[in-house]
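Here is what each chain is made of, one letter per residue.
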Amino acid sequence: MSQTLLNIKNLYVNYETDEETVRALNGVNLKLNKGEMLGLVGETGAGKTTTALSILKLLPKDIGIITNGQIEFDGKDLTKLKEAELRNIRGERISMIFQDPMTSLNPVLTVGEQIAEVIELHKTLDKKQIESKVNEMLELVGIPAKRKKEFPHQFSGGMKQRVIIAMALSCDPELLIADEPTTALDVTIQAQVLNMMEELKHKLNTAMLLITHDLGVVAQICDKVAIMYAGEIIESGTAEDIFEAKEHHPYTVGLFGSIPNLIEKTNRLKPILGLMPDPTDLPQGCKFHPRCPQCMEICRKVHPDDRQTETHTIKCHLYK
Amino acid sequence: MYKYIIKRLMMLIPVILGISFIVFSIISLTPGDPARIILGNHASEEAVENLRQELGLNEPFIKRYISYVGSSIKGDFGSSYRTGKPVFEDIFGKFPLTLKLALFSMLLATALGIPIGIISAVKRYSIIDGASMIFALLMTSMPSFWIGLMLILIFSIKLDIFPVTGVENIKGYVLPTITLASFSMAIITRMTRSTMLEVIRQDYVRTARAKGASTKRIIFKHCIRNALIPVVTVIGINFGILLGGTVITETVFALPGLGTLLVSAIRMKDMPIVMGAVIFLAIAFSIINLLVDLIYAVIDPRVKAQYSR
Amino acid sequence: MIKKLGTLALTFVLMITLALAGCANKTADVSTEKNKTREDINIRLKTNVDSLDPQLSSNDYSSNAILNMYNTLVISDSKNNILPCLAKSWEISDDGLTYTFFIEENVKFHNNKKLTAEDVKFTLDRALTVPMGSTYAFMINRTDIINEHTVKVTLKEPYAPFMEYLVLPFYAILNKEAVTAANGDKFANPVGTGPFKFVEYKDGEYLSMTRNDDYFKTPAKIKDVKFKIIIDQTTMTMALEKGEIDFLEELPGAERERFKKDKRFEVLEYPTNYLHYFMLNPNIEPLKDKRVRQAIGYAIDLEAAKKVVYDGAGEVNYTILRSDMFGYSDNIPRYTYNPEKAKELLKEAGYANGFNLKFVSVDTVAGRKAPQVMQGYLADLGITMEIETNEFGVYAQKITGSDFVISCCATLAQNDPDTLLYQLFYSTEMMNMPKYNNPEVDKLLDLQRKEVNEQKRKEYIKQIMDIVMEDATILPYLYREDAATYPVSLKGVTPKANCIHYIYDFYWD
Amino acid sequence: MAEKTKKKSFYIAVWKRLKKNKLAMIGLSILIIMLTIAVFADIIADYDTLAIKQNINIRLEGVSKEHWFGTDSYGRDIFARIVHGSRISLIIGIFAVSIPLVIGGLIGAIAGYFGGLLDNILMRLMDMLLAIPAILLAIAIVAALGPGMINLLIALSIAGIPGYARIVKSSVITIKDLEFVEAAEAIGAGTTRILIRHILPNILGPVIVQATLGIASTIINAAALSFIGLGIQPPKPEWGSMLSEGREYIRQAPHLITFTGIAIVLTVLSLNLIGDGLRDALDPRLKD
Amino acid sequence: MAQPLIETKALKKYFKSPSGSLHAVDGVSLKIDKGQTLGIVGESGCGKSTLGRVIIRLLEATAGEVLFEGKNILKYNRNQMRNMRKEMQIIFQDPYASLNPRMTLSEIIAEPIKVNKLLKNRAEIEKRVTKLMDTVGLAQRLINSYPHELDGGRKQRIGIARALAVEPKFIVCDEPVSALDVSIQAQILNLMMDLQEEMGLTYMFITHDLSVVKHISDEIAVMYLGQCVEKAPSDQLFQNPLHPYTKALLSSIPLPSLKNKGNKRDIIKGEVTSPINPPPGCRFAPRCPHATEECMVRDIELIKAGDEHFAACRLYGRGFDAE
C-alpha cells in the first residue's frame, strides 16, 4: 500500500455571510496515496469544490471558514499553517486547476509569462533556465514551444486547458487538484486532455484529486472513487468497489439510474426524486433520507456512520 | 493599424461639420449684434451699420455658413471681431495655459485617484474604503468655484503660501490644479474601485492565488493592468473636458485660459473665435479618444488583434 | 502590502506640492521698508485691452491704460482745470468756432521722430473717419496747419465742452508715419510721445510698459509699469491684499471699512463723472402717463438702494446735474422717497392696484443689484416687476432699439452739462434711448448750446431741468464713487472725476 | 420546506440589499430631510415676507435668533431663501435629468435594439453633442435664449442627452441577445411589446444609478451657471445665484456663502451616496 | 409513408464576419415525421443551435427551404408567420437567461396566450396556467414567485410550460438539459418523453451529450462544421457508426463501466478547423485518417448506406453523382 500523501479527517466548513450560514462540509474523511488518482464525484452543491479549496485554504476570505477537522499533507496539518507557509506549498507541492479554461488565464499576459511566474515564485533559477523549463512544459502538454509569446485569446478551449495543466505541473508538485477540468470541453477534446493527464500521472508520478460530476470520466482514469452528497462522503472505495460491487448507497444507485445507458435501450430513466437539500437547514439524521426510497425510521433520527469493508465504505443504516 | 487610424480620422469630418453647423446656428440665429457689442452702446447707428457691412453680417445665415466652411477648408478660419487677429493666433495664445492646467490636474487626479481606488477595493468595507469613498463623494459634491474660493482663503490669504492670481511661476498653478483635480479625482477613484472589485472576482486571480502568488504580487502583476483598461477611458473623457478649459476655475483664479476666451467670445458673439475654438476642441477630443483606444490596444492584446486584421 | 500602496500615494502627492512650492521664491512683501528701492508698479486692469490704437478702442478702462504711452494736447487736474501738455498754449476765437494750438517744440515720438503740426492734423483728421468718431469728434469741421508748430481747428458750430473732449484718450496724438504703416491693425506696436514706452501685451494677462527716458518733460519716477488683467472682483481684492497688485480704482463698497482700518493701505474716495440712471419709456403703456413715471420716482428710497448696490459708497444724485457742475441750482425739482405720494399718483392715473412691467437689465454688478432693490420697493405699491438680466450684446441691442419699458444705463458726463443734457433729452439724439420727444426742450437745448453769456445759459438750463424732471423719463441715481486703493508708500495719486490716472505722477517715497 | 408565496418582487430584494449599505442610508435620510423641507417650504418659512421682502436696515446681519442663518445683502432671511431654494434646485435637478433620460433613453434603445445604419447615425449625433463641452453648450443656449428657469432646464437637458443614450444603448445590447428575448420573439411578441415588457424593465439598474448621479451633477452645473451670471432670474432664491451673490462679501460676511454651500454639498452628497448604494444593490454580483 | 411534419432542403445560413463569411449551416437536408424525435448531435461550433433557430425563423435562412406540413414557411409574410408561431416553439439551454427576471411565473406562462389572443378573459387564462403547471410538475404555490427564487430544474419546467401554452405541434429543444445536474436531467427527460406520448409532440432535440441523445431520439443526425455527416436510427448509429467522425465521437465518450478500461482507443487528433470561408469537400478531411484528395474536391452529399442509414463519406460510394 503506497504511503499516504493526503489525509482529510472529519473536516467541517461553513460559508458565513450576514444573511445566512451555509454548512458546506459536514465531516469529510478522505485519504489519498502518492501517485494515486482519486475521483471525487457529486452533484452541484455537494461540496466537491469546497473540499478542494479548503486544502489550499483558497476559500473566500473571512467568509469560508474551516470550523473543525484536520488536513494532513505529508505529515503537516495544513489548517494550522500561516498564510506565508501555505503560499510556499501552493503551486510547488500542491497545485490546482479550475473548470473554465476560458477565464482561468490572465488575458493581458502571454502564456509563457504566466507559466514562468509559478517557477519564479518557487524556484531560484536564472532567466535562461526558466525559459527552457517553460519550453519543456509546453512540449510536454503538446503545444509548440514557440507559441509561448502568444496571448490566451489566440488559443482554443482545449489548448488553454493544456497550458493551465502545464502551468500547474511546472514545479513538479506531489499533488494536483483538478476541479472539473474537462467539463467545459467538447467530448473529443476532453478525451485528448484526459489521455494526456493519465500519461503525465505515470510520467511525473503526481497524485491527482479529480473532481467531476461525470461517472464516465471517473471510470476511465481513476484508481479510487469517493461520492459526496450534502457535504459528506456517503460512499468511497476502489474503482472496482464502486462500478462492480453489489452493495451500494441508495444515492449511488440513484446516480447510476439517472445516466442513460449507451448499450441497452431503456424506456424511462430511474431518477432520484426531489431536490438537493437546502444547505442552510440540512435534514436530521441521514441527509439523504427525504429522497431515499429505502428510508427507515432510524434514518430520520440517527446519523449513520461508515460501514467499512476492507477498501469499500458506505455510510448507510442498511448495511449495519 | 494605420488603416484603422485613418478611418477613425475620416469619421471625424462629419462630426466636425455637424458641430460647426449646430454652433453656427445657435450663435447667429439668436439676439445680440456683434457690431453693436464691439462699438458699445454709445456708438452711432451708422457706425454700427458700416461695421456690420465690413464684417459681412448682413448676408443671409446660410450664405455666411457656406462661405465660412468654404474658407475654413482652405485653412482661413477668419479673424476675431474683437482683436482682428487670425483666430488660431488667439486660441493658441491661450491654449498652452489650459493644456498645462489640464495636464497637471489630470496627473494629480490619476496619482491620487488610482491608488486610493485600489486600496479601497482591496480592503473593501474597511475604514479606508469608507473614508476614501466619502472623500471622493465630497469632492464631486462641492461646486468647483466653492473649492477654489476656500483654497484661496486658506492657502493664499491666511497661510500666504500660494499666489492668488497669475501663473508667472509654477506656484501659481498649485491651487487651480487642486481645484480642477478634485472633480476628476473623485470619478477616477470610484471607477478604479468598481473595476478592481470586478477584476478581483475573476477566475485568473484565483488561478494566481493557487500558484502561491502573494496578494501584493497579484494586485500589481495581474489586477491593475486589467482594471485600468476602463479607467483609461474615464481619464480620456475627463482630459477632453479639462481641455475645453473650465471657465469657472479660470474666472476664480483670473487665469486667461481657453474657457474664458470661449465664454467671452460666446457672449460677444465673436463668431470666428467660437467656431475656431469649438472645432479645435472637437478635433482634440476625438484625437484623445483615438489615443485612448490605442492605449487600449497596448494594454489589452485582444483589442490589438481587432485592429491589425 | 496595503500600507505600502498608501504611503506610495501620499509621498507622490507631497512630492508634487513640494516641487511646485519649492522652486519659487516668496512673493514680494507688502511691508514698506523694502519699497525704497522699488521702481516697478502693478496696476489692476478690469478688462482686456481691446486696442493699442486709442482711436480704435471703445472700452474706457482699456483706453485709459494705453493713454500712459501717449500725450494729449491738453490734460485736466483733479479740479477739472484744463492744463497745457503737448499744446503749450491755445487761443479760442470770440465766436467760439476756431481754436488755435501752439505745439511744444522739442518733443520726440518713441521712434524718435520729432512731433510736428502735421502729426496733430493727421490725428484730428483721422478722428473723423474712425467708427468711434461719431461719438467723440462730431463737433470738428476742419484742421489746418499754420506753421510747423501751430494748428488751427474749426468746429461746425460753437461747442463749449470741446476742450474737455481733447483731454480724453481718443484725442491722444498719433505718429503719422507709424499709424499709416500699421493701417488699421489694432495691436500694431504703439508709437506715442508719452512718459512710458510699449513693452508687451499678452491678451488676458498683462500690458507692460517701461520709462521713456527722453520724455519732453522730466522722465517718470517709476521705471516699469505692468497692468495685470483681473476681471473677478473678489480675486482682485485678495491680490491687492497679497501685494500682487499695487493699485486699483474700484474697491467694492463692502471692503472699504476693512481697508480703511488696515494701516498698510490708503483708500482715496472720489466721485466720478459716470452718472448711473434709470430710463422709463414714455411711449409704452403703462408708463405713457407722466404720473405713473413720477410715482415710480417717489417709490424708491435711493439712499437705502445705495447701501445695497454700492454698499453705501458715493452719494445719491436726484437732479442729473451734480452740484459742482455748471448750471446746477438747488431748486431743480427732484423725486425723494415718498411712498404715499407715489400711491396717490398711481390712484390718479387709475393704477390703484398696481400693474406688471419688465426691467431690461445687463449682467454687471450694478445691473444685477439695482433692479432687485427697485423690485422690492415697487412690490410695496402692488407693482410686480420681472427682471431680465441679459448678456451685454442682447442688452445693448434692446436699449439702442428702445425695446424696453424700464431699464438702467450709465454715461460719462463732463463738467459742462451740455453733452449730458443733449444726449439724454434731445429728440434725435442716439443716446436718448427712451425716445423722449419735446420740441420745447429741443429749442432750449439749442439755445443754451449757442449762448455765450453764462447767466443766460444758466437760465435756459434751469428751464430745461424743470421740464425734463417733470416728465421723469430719466430718474437719476448717483455718480459712481471710485475708491483708489494702494500701499501707503505710493504717492502722487489724486482724485480723477474722469477716471484718467496718469501713472507719470505716481512715485514710491 | 415552506416556500414563501408572497409576491416578493425583485425591487424588494434590491431594497433589502440597499438597507444594509450604511452610507446609502445616511444619504437617503439627508435626501428625505431635503425633500420634506422643499415640500413644506411655505410652512417652514413664508415665501413673501422672509425670502423676498427686502429690509435694507437689517442687511448682512450674522446668525441671530430670528434669522438662523443671518441676512443677505438685501436684508432677506437666508434660512428662508435656502429652504425655498431647495425646492427650485430639486425641481431643476429632477427635470434636467428626466427630460434627457427619456429622450436619450429612447435614442439609446432604438440605436441598441435595431443597430445598423440607424444606430450609426444616432450615435454620430451623440458624439457631436458630446464633443462640445457640456458647460459651453449650456452657456451658448442660455446666452442665446436669455436667462430664466426654462432656458436653464433646456440648456442642462441637452447637455445630458448623450450620457443617457450611451448607457441605455449598452444595456439594451447586452439584454437583447439574452434567450428570453428570443423566446418572446418565438411566441410572436411584437417589437414594441418586447421593448417595453422585456428590455426596458431589465435596464433600469444602470439607468437609475446614472439618474441619481445625474441629479447631483445637474444641481452643481446650475450653480456654476448662476456663478457666471446665467442662472435663475432674481428674486427667485436659487442656491447657485445666492452663492455667487455672497461671493462678493466673502471676507466681510462669510455666512452668506457657508450655509448655502453646505446646503448644496449636503443635497448633492446624499444623491451621490444613494446613487452608489443603488449601483451595488442593483448589481447582485458585486456582493461577495 | 406519411408526409413528414417538418423537412429542410439544402438549408444554408451564412453570417458576415470581419474576415469573411461564416458558414454556420451549410446545406442541411433533414426530415422529421409527426410524433418522432430527431436528435441533432455535434460539438460546439457545428451549427446545431443555428439550425434550430433558422427552422423556426428566429434567424432568417440564407438559402434552401423549410417545409412545415409540406408548405415552405420561409416564404411566409408577417401575418402567416404569426399563426405559424403557434405551431412551432423552442426551449432553451440556460435556465437563468431564458426567463425574464422581472416577470412572475404566471406572467411568463400566460404571455404566449395573451400575445396570440388564444383566450379572452383572465379567469380562463388563470385556469390554463394552473393546468400547464400541473402538466410540467410545478407546485401551485410557486405561481407568484420570481425566476431568481427557483433552482435550474424548476426554471426549465417553466420554459417547457411556456412552450406548451400555444399547443404547438413541433418543438425545437436547444440543449434543454445540458445545464442541469444528472438527477434533475433525468426528471426533465422523463417529463419530455411523457409529454411527447400524451400530446403527440414532434421534437428536434439538439445536444452535445451523446448518451442523452441516444436515450430520447428515434433518429439521430450527426453534424460537423455546418454539415450533416451521418443520419440513422439511434440504435443503428451506435451499433454500426459509418462516418469516421461519428466513429471517433462515439469512441471518445467515457463509459461509466470498467469493461474496456485501459485499452487504447483511437481518439482523433487536432482541433475543429475554422468555419470562415471553408474549402470545398468534406469538412472533416483535414482530421480524417482515411482522407484522400478526392475528399477535397467537392461537397459530399448523404449517401444511402443501409435502411434509413445515410453517411456523407466517399468510403460508401461516389457521393457526388447521385444514383
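Above this text sits the structure in question.
Notes on the structure in this doc start here. As the structure is a prediction and not an experimental result, all values here were calculated from the model. (Residues numbered from 1 in each chain as written. Chains lettered and ligands numbered in written order. Predicted model: local features only at pLDDT ≥ 70, side-chain atom pairs only at ≥ 80, totals over all residues. Heavy atoms only, no water.)

**Concerning the pairing of strand S4 (residues 37-41) of chain E**
Residues and elements named next belong to chain E. Note the cut-off: When accessible area is computed with a 1.4 Å probe and restricted to protein chains, residues below 20% of their type maximum are described as buried, those above 50% as exposed, and intermediate ones as partly exposed. Secondary structure counts use DSSP, requiring at least four H or I residues in a row for a helix and at least two E residues in a row for a strand, with both numbered from the N terminus. One requirement defines pairing of two strands: DSSP has to find at least two bridges between them.
Among the five residues that make up S4, five are buried, leaving the element largely enclosed by the rest of the structure. Alignment of S4 against strand S10 (residues 219-224), held across four bridges, turns out to be parallel. The residue of S10 that forms the bridge with Gly39 is Ile220.

**A few points about the nonpolar core**
Our working rule: Among the buried residues, those of types Ala, Val, Leu, Ile, Met, Phe, Trp, Tyr and Cys that are joined through side-chain atoms within 4.5 Å form a nonpolar core. Note on contacts: a residue pair is in contact if any heavy atoms of the two residues lie within 4.5 Å.
One finds C:Phe162, C:Tyr171, C:Leu207 and D:Ile92 to be the most contacted residues of the largest nonpolar core, which totals 251 residues. Broken down by element, the residue count for this core peaks at 15 residues, all from helix H13 (residues 271-299) of chain B. Other than its neighbours up to four places away in sequence, C:Leu207 contacts C:Val49, C:Leu52, C:Ala65, C:Ile66, C:Phe198, C:Glu200, C:Tyr201, C:Val225, C:Lys226 and C:Phe227. In terms of nonpolar packing, the next biggest core, distinct from the first, is built from 80 residues, C:Ile320, C:Phe326, C:Val362 and C:Val405 among them.

**Quick notes on the packing of aromatic side chains**
For the record, the criterion: Stacked, tilted and edge-to-face are the three classes applied to pairs of Phe, Tyr and Trp rings, where Trp contributes its six-membered ring and a pair requires centres within 6.5 Å; stacked means planes under 30 degrees apart, edge-to-face means over 60, and tilted covers the rest.
A complete count under the given rule lists 43 aromatic pairs over all chains for this structure. Plain terms: the ring middles of C:Phe425 and C:Tyr436 are 5.9 Å apart, the flat faces sit at 80° to each other, and that makes the pair edge-to-face. Taken together, the residues C:Phe425 in helix H14 (residues 418-425) and C:Tyr436 in the loop between H14 and helix H15 (439-450) connect sequence positions 11 residues apart. Considered together, C:Phe425 and C:Tyr436 belong to a single accessibility category, that of buried residues. The interplanar angle of 90° and the centroid separation of 5.3 Å between the aromatic rings of E:Tyr224 and E:Phe284 together place this pair among those described as edge-to-face.

**Some words on the packing of helix H6 (residues 127-141) of chain B against helix H8 (residues 174-200) of chain B**
A packed helix pair is summarised by two numbers, namely the angle formed by the two axes and the spacing between the axes. Residue and element names in this part refer to chain B. Stated formally: In this analysis, axes come from line fits to C-alpha atoms, helices being fitted only over the stretch in contact, and the angle between any two N-to-C directions falls in the range 0 to 180 degrees. For classification purposes, an angle smaller than 35 degrees is called roughly parallel, one larger than 145 roughly antiparallel, one from 65 to 115 roughly perpendicular, and anything else oblique. Should the near helix be turned anticlockwise from the far one by less than a right angle, the crossing is left-handed, and should it be turned clockwise, the crossing is right-handed.
Orientation of H6 relative to H8, taken along the N-to-C sense of each, is 140°, at an axis distance of 8 Å. Judged on the interaxial angle alone, H8 and H6 are oblique. When the axes of H6 and H8 are compared, the crossing they make is left-handed. For the pair formed by H6 and H8, the contact residues are Asp129, Met133, Phe135, Ala136, Leu137, Met139 and Thr140 on the first element and Ser182, Phe183, Met185, Ala186, Ile187, Thr189, Arg190 and Arg193 on the second.

**Topic: the sheet that holds strand S4 (residues 87-92) of chain C**
Residues and elements named next belong to chain C. Spatial ordering of the open sheet is given by S4-S5-S7-S6, a layout of four strands whose pairing is antiparallel. Each edge of the open sheet carries a strand with a single partner, namely S4 and strand S6 (140-147). Ignoring which end each strand starts from, the neighbouring axes of this sheet average 20° apart. Bridge count between strand S5 (residues 98-103) and strand S7 (residues 150-155): five bridges; the pairing is antiparallel. Paired with Tyr99 across the two strands is Val153, which belongs to S7. Packing of helix H3 (residues 117-129) onto the sheet brings it into contact with S5, S6 and S7, and relative to S6 it is tilted by some 170°.

**Thoughts on a positive patch on the surface**
Selection criterion: Patch definition: residues above 30% relative accessible area lacking any salt bridge, with like charges linked at up to 9 Å and the nonpolar side chains Val, Leu, Ile, Met, Phe, Trp and Tyr linked at up to 5 Å. Values of accessible area rely on a 1.4 Å probe in the Shrake-Rupley scheme; residue burial ignores everything except the protein chains shown. When a carboxyl oxygen of Asp or Glu is within 4 Å of a side-chain nitrogen of Lys or Arg, the pair counts as a salt bridge. In this tally, Lys and Arg are treated as positive and Asp and Glu as negative; His is ignored, and so are the chain termini. In this description, the location of a charge corresponds to atom NZ of lysine, CZ of arginine, CG of aspartate or CD of glutamate.
On the surface, E:Arg78, E:Arg82, E:Lys117 and E:Lys120 cluster together to form a positively charged patch. Along the chain, E:Arg78 turns up in helix H2 (residues 78-87).

**Here's the deal with the arrangement of the chains**
Regarding chain A and chain C, which are not in contact, the minimum distance between any of their C-alpha atoms is 13 Å. Separated throughout, chain C and chain E approach each other most closely at a C-alpha pair spaced 37 Å apart.

**Some points on helix H11 (residues 204-227) of chain D**
What counts, and what does not: The span you would expect from a helix comes to 1.5 Å times its residue count less one.
Compared with an ideal rise of 1.5 Å per residue, which puts 24 residues at 34 Å, H11(D) spans 34 Å between its outermost C-alpha atoms and is within 8% of the ideal. Most of H11(D) is tucked away: 18 of the 24 residues are buried.

**A short note on a nonpolar patch on the surface**
Residue and element names in this part refer to chain D. Together, Ile91, Phe95, Ile99, Val102, Ile103, Leu106, Ile110, Phe114 and Leu118 line one region of the surface with nonpolar side chains, adding up to about 750 Å² of accessible area. Here the element with the most residues in the nonpolar patch is helix H5 (residues 78-114); it accounts for eight residues. Counting through the fold element by element, Leu106 comes out in helix H5.

**Details of the interface of chain C and chain B**
What counts, and what does not: By buried area we mean how much accessible surface two parts lose on assembly, using a 1.4 Å probe and totalling the loss over both. Between N or O atoms, a polar contact is any pair within 3.5 Å; within protein, one atom must be a potential hydrogen donor and the other a potential acceptor, and residues adjacent in sequence are included only when both atoms are from side chains. Charged means Asp, Glu, Lys or Arg here, nonpolar means Ala, Val, Leu, Ile, Met, Phe, Trp, Tyr, Cys or Pro, and polar covers whatever is left, Gly included.
Across the contact, 53 residues belong to chain C and 49 residues belong to chain B. Note on chain C versus chain B: buried area summed over both sides is about 4600 Å², and carbon and sulfur give 70% of it. Linking chain C to chain B there are five residue pairs in polar contact (both at pLDDT 80 or more). Looking at the side of chain C that touches chain B, the elements that each hand over two or more residues are helix H1 (2-22), helix H4 (133-136), helix H7 (233-242), helix H13 (392-400) and strand S14 (406-412) of chain C. The element that contributes the greatest number of residues to the side of chain C that touches chain B is H1(C), accounting for 10 residues. Here the side of chain C that touches chain B is composed, by residue class, of 28 nonpolar, 13 polar and 12 charged.

**Quick word on helix H3 (residues 105-115) of chain E**
Counting buried positions along H3(E) gives nine out of 11 residues, so the element sits mostly inside the fold. Taken together, the buried positions of H3(E) are occupied by E:Leu105, E:Ser106, E:Ile108, E:Ile109, E:Ala110, E:Glu111, E:Pro112, E:Ile113 and E:Val115. Each element contacted by the buried residues of H3(E) is listed here: helix H10 (191-202) of chain D together with helix H4 (122-135) and helix H5 (152-164) of chain E. Just past H3(E), the residue E:Lys117 takes up positive phi, approximately 50°.

**Some remarks on the pattern of salt bridges**
Pairing between side chains of opposite charge can happen when the charged atoms of each approach one another. A complete count under the given rule lists 83 salt bridges over all chains for this structure. With its nearest N and O atoms 3.3 Å apart, the salt bridge here joins A:Arg307 to A:Glu247. Of the two residues, A:Arg307 is situated in strand S11 (residues 307-308) and A:Glu247 in the loop between helix H9 (239-244) and helix H10 (250-258); the sequence distance between them amounts to 60 residues. Since its relative accessible area comes to 38%, A:Glu247 is described here as partly exposed. Notably, a salt bridge pairs C:Lys121 with C:Asp125, separated by 2.5 Å at the nearest N-O pair.

By themselves these figures say nothing about function.
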